[in-house]
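# Topology and contacts: notes
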Amino acid sequence: METINYTPRGVCSRHMEVDIEDGVIQAVRVMGGCSGNLQGVSALLKGMKVEDAIARLDGIRCGMKPTSCPDQLARALKSAV
């Protein structure tokens, strides 16, 4: 199992950890940010292929910000492939 540690930029969350095994997301932990929303995103990503998660999350914006926590998760996942 590989664990990605990622420091997001331009969003409220401070740190992201993603466990990946055989190209499938096993767990996502996000410190900081909107707790309920990020717990929901984390639960939805569990069991998803990394490539599918990137395709769904990449480019999502938060309000007027050019990025979001889901977009930052996509960037973290891109570092693994």
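As shown above, the structure is provided for reference.
What this report covers is the structure whose coordinates are included nearby.

With that out of the way, let us pick up the nonpolar core. Core analysis: the biggest nonpolar cluster contains 21 residues, and Val 18, Ile 25, Val 28, Leu 45, Leu 73 and Leu 77 have the highest contact counts within it. When sequence neighbours within four positions are dropped, the list of residues in contact with Val 28 reads Glu 17, Val 18, Ser 42, Leu 45 and Leu 73.

Turning our attention to helix H1 (residues 35-45). Those residues of H1 that sit buried are Leu 38, Ser 42 and Leu 45. Down the axis of H1, the buried set is contained in an arc of 65 degrees. They therefore lie on one face. Residues of H1 that are exposed and angled more than 90 degrees away from the buried face: Gly 36, Asn 37, Gln 39, Ala 43 and Leu 44. Tucked into the core, H1 has its buried residues touching strand E2 (13-21), strand E3 (24-32), helix H2 (50-57) and helix H3 (69-78). Within two residues after H1, Gly 47 carries a phi angle of roughly 90 degrees, on the positive side.

This part covers the environment of Gly 10. Its location among the elements puts Gly 10 in the loop between strand E1 (2-6) and E2. Between the C-alpha atom of Gly 10 and that of Ser 68, which follows or precedes it by 58 residues, the distance is 7.6 Å. Excluding residues that lie within four positions of it along the chain, Gly 10 makes contacts with Lys 65 and Thr 67.

With that settled, consider the environment of Asp 22. Assignment of secondary structure puts Asp 22 in the loop between E2 and E3. Linking Asp 22 and Gly 10, residues 12 residues apart in sequence, is a C-alpha distance of 30 Å.

To continue, consider the sheet that holds E3. Whenever strands of a sheet pair, they do so through backbone hydrogen bonds, lying parallel or antiparallel. One open sheet holds the three strands; their spatial order is E1-E2-E3, and the pairing between them is antiparallel. The open sheet has two free edges, formed respectively by E1 and E3, since each of these has just one partner strand. With strand direction ignored, the average angle separating the axes of adjacent strands in the sheet is 15 degrees. Contacting E1, E2 and E3, H3 crosses the sheet at an angle of about 45 degrees to E2.

Our focus in this paragraph is the pairing of E1. Strand residues, when the strand is regular, have side chains that alternate between the two faces of the sheet. Pairing of E1 with E2, which is carried by five bridges, proceeds in the antiparallel orientation. Looking at E2, one finds that Thr 3 is bridged to Asp 19. In this antiparallel pair of consecutive strands, E1 and E2, the connection spans six residues, and Gly 10 shows a positive phi of 80 degrees.

The rules behind the values
- Residues numbered from 1 in each chain as written.
- Predicted model: local features only at pLDDT ≥ 70, side-chain atom pairs only at ≥ 80, totals over all residues.
- Heavy atoms only, no water.
- Core = buried A, V, L, I, M, F, W, Y, C linked by side-chain atoms within 4.5 Å.
- Buried < 20%, exposed > 50% of the residue type's maximum accessible area, 1.4 Å probe, protein only.
- Contact = heavy atoms within 4.5 Å.
- Helix = DSSP H or I, 4+ residues; strand = E, 2+ residues; numbered from the N terminus.
- Arc of directions from axis to C-beta.
- Pairing = 2+ DSSP bridges.
- Axes fitted to C-alpha atoms, helices over the stretch in contact; angles between N-to-C directions.

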